[in-house]
Each structure stands twice: as C-alpha cells, then as structure tokens.
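Chain by chain, the residues run as shown.
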Amino acid sequence: MLRSPDSTNSEVDTILRNNRTCFKRLPGLAAVVLAVAALAISPLGTKAFGISEKTLTPVYRHWIHQEVNYIITRAERNEFLALKTDDERDKFIERFWELRNPSPGAPANSYKEDIYKRIEYANDHFSTNGSNDGWETDMGRIYITLGPPQQKARYVTQAEVRGMEIWFYSQSNPALPPNFYIVFYEKDFGDFRLYSPYIDGPQKLISSHYMENGRVEAVKQIDKILGREVARTTLSLIPGEPVNLNDANSTLQSDLMLGTIKDLANHPFNIEALNLKRAMKESVSHRVVLQGEFLNVLTVPLRDRHGISRLNYVLRLNSASDFAVAKDDNRYYISLEVATHVFTTDHKPLFQRDRKIARYLTKDELDEVKGKPFGYEDWLPLAPGKYKVEFALNNLLGETSYTAERDIVMPRAPAEGFELTEVIPFSDAAQIDPAVSAVVPFSSGGVKFTPYAGKELALVPGQDLKVFYQIWSVPTAPANNAGKKLLADYAYGRPGVTGTAKSIHDEAAKDQFDESGSMVSGKKLSTLDLEPGNYRMALTLTDPETREKRFGSLAFHVVTDSGSQLDAWDIYDDKLVEYVNKGEADYDFGVTCLAQDDKPGATKALQDALKKNPKNDLARARLVDVYFSQQAYDKVIELYSQPALTPTTDDQTIISLSDSFDKTGNTKKAADIVESAIALKPQSGPLYLALASYYTRLGNAQKAGELERKGKSLLATPPPSL
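Please read these numbers as outputs of a predicted model, since none were measured by experiment.

Rules behind the numbers
Residue numbers restart at each chain and count upward from 1, following the sequence in its written direction. Where totals are concerned, whole chains, interfaces and linings use all residues; where local detail is concerned, this predicted model gives features only for residues with pLDDT of at least 70, and gives and counts side-chain atom pairs only at 80 or more. Side-chain calculation: all heavy atoms of the structure are included, whereas hydrogens and water are not. Nine residue types can take part in a nonpolar core, namely buried Ala, Val, Leu, Ile, Met, Phe, Trp, Tyr and Cys, and a core is a set of them joined through side-chain atoms within 4.5 Å. Remark: exposure states derive from per-residue accessible area (1.4 Å probe, protein chains only) relative to the maximum for the residue type, with buried under 20%, exposed over 50%, and partly exposed in between. Note: pLDDT gives the predictor's confidence per residue, expressed from 0 to 100. Contacts between residues were defined by any pair of non-hydrogen atoms, one from each residue, lying within 4.5 Å. Numbered from the N terminus, helices here are DSSP runs of H or I no shorter than four residues, and strands are runs of E no shorter than two. Side-chain atoms alone can form a polar contact between residues adjacent in sequence; in general such a contact is a pair of N or O atoms within 3.5 Å, and within protein one must be able to donate a hydrogen while the other accepts it. The span one expects for a helix is its residue count, reduced by one, times 1.5 Å. Within this document, salt bridges are pairs made up of a side-chain nitrogen of Lys or Arg and a carboxyl oxygen of Asp or Glu, the two lying within 4 Å of each other. For two strands to pair, DSSP has to find at least two bridges joining them. For helices, the axis comes from a line fit to the C-alpha atoms of the stretch in contact; other axes are also lines fit to C-alpha atoms, and the angle between any two N-to-C directions lies between 0 and 180 degrees.

### Here's the deal with the nonpolar core
Leu336, Phe374, Leu382 and Leu393 are the most contacted members of the largest nonpolar core, which totals 87 residues. With 59 residues, the next largest nonpolar core counts Tyr70, Ile119, Tyr143 and Val230 among its residues.

This is the structure:
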C-alpha cells in the first residue's frame, strides 16, 4: 500500500489532527495553521481570471485553493475573488455549502462533511515525502471529486510493468458513464499519476525496452504479466467499449471522460442543477421550512396503458389552515411551487421537476373547498428499481415550505402470472375522459381516485372503507382472457378478537386487463356493524386456473368520535399533458432506465422522446451513448442525418458521431464533422486529438502532428472562465 505521511514529524499535521472539528466547521482556523506550511497557490486560481488569490488572507486563500478547489464552479470562483470584505466572503462560504446541502436547513450538512473527510483521507493516504499534499495529487483529485471507489485493485511493480492501481466506480455522477475505471501508474516510487489510454498509451506503463516497441508490444506484455482484463482496461476505461488487443488502438471516449472528471464542477449538468437549487432556495428564502408531521405523503407505483411504471404521489397538508388563499380584485387565487428531486439510493441526482402553479378560484369553488386540507397530486416516470425522492411543497402566499423524503421501490412487471400493488384507501372515485386518463394522477381505466393520505385511517361506524389496487399481469390478447376471472377474498376483523371477522367474496373478469396487462380493482366495505377498535383488512387474490395467490392488507381503526378527514382539496399540474406530449416524461424515464442498467428500456424511451420532440438534444446525446456502446454505428449516424451540430453539443456526442462514420469506412466524413465542430468549439482539446487521428488515417501525417500538438496544448491549459 502507499505510505502514509509521518504526521508526528509535522507540527502543522499535529495541530490539524487535534482540530478536525474546527477544520470542518471553521475552515479559516485550519487555513491559518496550514498557511505556516507555505502551501503553493494553484495556477488555476491565479491565471484563469486575472484576479490573484494572493490578495486573499490565508483563511480564504486556503478555502478556495484547497478545500473547494475541485467542486467550485468557475463562475463561483470569479464571484468569490471579486468580493471586497471578509464579511461578504464569510456569507458566500455559508451560501456555498448550504446550496449543496442534501437537507437544506438541517443542522448538519452531510455533503460538506463528506468533502472534508475526502480531503482528510487524501492527505493521509496520498501525500508524498511526509508533506500534506495528498489533496493535490492525481489520486487525491479523483478521490475528492468522486469519493471512494467501489473497488480497488493494486498491482505492484514487475520486472517490465510499472506499478498500477485501478479504481472502479459505478453510478458516480449523471455526467459520467454508469461504470468506469480510473488507472494510476507509478511513475516513480510512491508517485502515482493518472493514466490516459489515448494520450499516454499502454507503453507508458512499461518500464523495459518493450516501451520503445509501441502500443501493441506494450499491451502484449501487460496481458502476459497482469492478465487480459488489465490489458483491456489500459485501452479503454469504459467497460463494454470494444477494444482490439491486436492493434491496441484507443478511442477518445476514455479521455473525454477523464476531461469531464477534471472539470466536473463546470459540467452543464452540475451547473443546471445548482442554478435550479439556487432559484428554488431564493424563492423560499423568507419562508418557514416545515418537515415531517406537517406534510402527508402517499406514493404508489401504477402502470399506464402502455406498461410504463409511474410513481403516483400526493402531498397533502394536515389541515385547511396550513394553506393560504389570497384575494385580488374580488377574485381568489392560489400560488404554489412544487419541487421533486429524484436520486439513486446513494443520492446521485437523476432528474428533477419544478412546477409553479397559480390559479383563480370562484367564490363557489372557494366555498366548496373551504375546510378541506389542500393536496397536490402528480406522478414521476421511474423505471423498476430503488430510488430516493425529495418532495417540497412551497406555499408562496403563506411563505411556508413543506418538505419530505421517501425511499422508493418500483417493482418489475411479472414475467409470468400476476402481481398486486399496495392496497390504497380512497375517499372518492369518478369517471374521467379517457383522453386525459393517461396523464391524470391516481387514475386507471377511465377512473380517477382521490386517495387517502394521512397517518392512520380512522372511520366512524357506517363510514365505508373504500380501497383500490392495480393488478399487473403479462400482456396478452383480450380473446385469450375471455371468460376467465380472478377471485378476490376480503377478510377484515379485529386481530386477536374472535367473532369479529367478516369476509366478502368478489370476482374480477380477466378481459378487463388493458393492452399492457394492467387492471384496477377495488371494493367498498361496510363498517356499520363494527365495534370501535383496531382492524385489519386482508385481501387474497387467486387465479383459479393456475392456483396462484397474491396478498395485500390494510390497517384501519373504527372510532366513536371523529374519524379521519377523508374529504380533500387536491389539484394536479394541468401541464402534465404537455410533459407527456413533448417527450419530457419519456426522457426522464430513459434517464432512470440508464441508472438501472436497462439499456433496452432506455433506448425505447429516448427514441420516443425524440419522436415527440426532434430538437431534444439531451435525448439525442443519451441515445448516441447507448447506440455507440452497442456498436450500432449506423444508428448513431442516422440520429444526426438532419439536425446540425451546435455549440452546446457535447464533445462526447460529437466524437461518437464522427467515430461512427470512421468505423463504417467514411473517415473523410468523420474528419469533416470534427472540423465543423472545432469551428463552433475552438478550445476543445479532445476534438483536435480526434481530428488528428482521422488525418493520420487519411495519410496526412504533417497535419495530424499539428492538430495533435494543438490538442495536447489545450488539454494542458485550464479551461476559460464561464
């Protein structure tokens, strides 16, 4: 393993270790201590903007130079360096961390704590010669930027192969491939450098005379000594990308990924996410943020008639007094914002939806909803898998924000037989236009349900218990289900109390399944003869043909005084139709499919998104990634048969497109595409390197050499400020 620095020989390290809490919470104190060590100032901070960090006191110089160097955006760095007073800088630092806080307003900021733990680990494990410089090594930069890898493999120096350490990451950031490797090689003893498959090449990993024999001989030696998987990884850091050990060529895909990692803070995805958080935070900056018991959240997975799984949800306040209505020119109105953020289970962002809704109410409408708790209904297109979802309901008139977070499991459709969703109590069901049934939350088969969302369901005797659920089956032609049925048995009573059980038998015709194999069913159960107490309803669904059984249950209470308030005032976003028709829902669903490694599902969803909106460049770029990874080069070319490249088209997409032409025999067209892209993006080093490779194959070695030198020069230069 790498040697850790001997902290006992460093007074600075000793003080730092004794003040970890101060280092995390009061960066300035650690900066004063570390300033004694005369740390160097990064060229990135001094040259990119024409504002020198030297003008800063050690406290703030250390913060921007070391603590947030890899996570601050160029725009934020510019803004910070332009501040005039320490008070402004302190407020900026506070806002900087809070903007990235996974739980805004919470006493602890897990993101901030994690960054400082990464810095501490980097200094402890990657520092050289007893110094405290682990944070600025190649290993330190990757570790601080991406966090700890899922797996590590260490290969000690051999007679002919340098020492290496290979890190594996999975689902680290939406801007990066789902899975990838990072390779470090030991340039000198204990000095590990980041390896680039295209620029360095496998010969960089060889320490013997084989290094002079080119890429092919170098790969052969790595294959012989360390094995096929390591040899393959030296040619591509992206699992699944095709490589050929016989020619040992590397595409630019790995180097593009490394470039993205080095400048991850400024990736458009990160910038957009920060801007949305900033806008949302500013809009609620003067509101009271309430969590937990003030907001009831109900979620249930339902399938639409096309078989796409959606997380239907309702955010409902506890009482009518929790929501404000205003009056303007004798008209009443409501104004609210709803923000929903979807993450992987380890809190990597996938997508977010932010809606602002303002509506007028007539006097009659206001009288009708008066006294009813307010609720907002919506759905999220989520592929089968596990997620974390954050909800925020912001009442603009009452200046109050209600937040909640839920762990979500979206089940898979059955490969055979049938499955049963959660049993949901509801207060009302109404027929709706089938044309809008496809987009209205909590609807199926032309019926819209108003679900109950509360802590516990309490009914007074005589108040019916009404429940619904969805049955998922394998799609089949309606004729195959003619005359067939499912048997539903409802049993309810007081647990442990004999003589209270009641049962009802019902049937559901299987020809009610829609084309996706989904059907909604439910029941109304009378409580008229029930004594007060705790009850449990158990549902058994049986297929008499196969004898398969599925089970569901629901707990409820019978009370003598006041039961749960079932009447609610729910609204939903009237732009859901637009969300579907513009392909935005398909794109979001495709993103979650990619996160769950469902490439067929992602392909179909992204194709649907492009059909509905051919100008959706995000969907096009994601689809290019999928096709290119499958070596479907003709499909990549087809995607760009009409739309032109723009300055916002990312380098990865451009090179995937040009490589597709090259791999199908049209190298001249590949070069033409990259040349047109360079005219739009003249500061892109990877594009120059790609063009150099095409000119090499076209036989123009002189031009290729010029382009390669230009590309490497650009890659060695910090990117311009935003």
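### Some points on the confidence of the model for the chain
Looking at the chain, pLDDT values average 84 and 89% of them are 70 or higher. For residues 1–50, every residue scores under 50 in pLDDT, and the model assigns this stretch 85 contacts once sequence neighbours within four places are set aside. Below pLDDT 50 for its whole length, residues 284–290 participates in 19 contacts with residues either more than four positions away or in separate chains.

### Points about the side chain of Asp651
Examined against the element boundaries, Asp651 turns out to sit in helix 21 (residues 651–663). At 2.6 Å, the side chain of Asp651 forms a polar contact with the side chain of Ser684. What Asp651 contacts, discounting residues up to four positions off in sequence, is Leu256, Lys681, Ser684, Pro686 and Leu687.

### Overview of helix 21
The end-to-end C-alpha separation of helix 21 is 18 Å, in line with the 18 Å expected for 13 residues at 1.5 Å each. In terms of burial, helix 21 is largely enclosed, as eleven of its 13 residues are buried. Within helix 21, burial applies to Asp651, Thr653, Ile654, Ile655, Ser656, Leu657, Ser658, Asp659, Ser660, Phe661 and Asp662. Looking at the buried residues of helix 21, the elements they touch are helix 12 (253–262), helix 19 (617–629), helix 20 (633–639), helix 22 (667–680) and helix 23 (685–697). Where helix 21 starts, the residue carrying a side-chain oxygen 3.1 Å from the main-chain nitrogen of Gln652 turns out to be Asp650. One or two positions beyond helix 21, positive phi appears at Gly665, with a value near 95°.

### Brief notes about the pattern of salt bridges
Enumeration over the complete set of coordinates arrives at 35 salt bridges. Put simply, Lys363 and Asp367 hold a salt bridge, and the shortest N to O gap is 3.0 Å. Separated by four residues within a single helix, Lys363 and Asp367 lie in helix 14 (residues 363–369), roughly one turn from each other. Taking relative accessible area as the criterion, Lys363 reaches 44% and is therefore assigned partly exposed. As a salt-bridge pair, Asp367 and Lys370 come within 3.6 Å of each other at their nearest N and O atoms. Residue Asp367 is classed as partly exposed on the basis of its relative accessible area of 35%. Each of Arg353, Arg355, Asp378 and Asp573 takes part in a single network of salt bridges with overlapping partners.

### Focus on the sheet that holds strand 1 (residues 151–155)
If you trace the four strands from one edge of the open sheet to the other, you get 1-2-3-4, paired in antiparallel fashion. Each edge of the sheet is formed by a strand with only one pairing partner; in this case those strands are strand 1 and strand 4 (191–194). Within this sheet the neighbouring strands show an average axis-to-axis angle of 25°, counted without direction. As judged from the five bridges shared by strand 1 and strand 2 (residues 164–170), these two strands associate in the antiparallel manner.

### Brief notes about unusual backbone geometry
In the Ramachandran plot, Phe442 falls in the positive-phi region, its phi being about 55° despite a non-glycine side chain. With respect to the element layout, Phe442 can be found in the loop between helix 15 (434–437) and strand 16 (443–444). In this structure, Arg547 is a non-glycine residue whose phi angle is positive, near 70°. Structurally, Arg547 can be placed in the loop between strand 23 (533–543) and strand 24 (548–558). Accessibility expressed as a relative area gives 54% for Arg547, which makes it exposed.

### Considering the sheet that holds strand 24
Taken together, the five strands give an open sheet; going across it, the order is 18-24-23-20-21, and neighbouring strands pair in mixed fashion. Bordering the open sheet on either side are strand 18 (458–459) and strand 21 (502–509), each of which pairs with just one other strand. Where strand 23 and strand 24 come together, eleven bridges link them in antiparallel fashion. Across the sheet, the residue bridging to Tyr535 is Phe556, located in strand 24.

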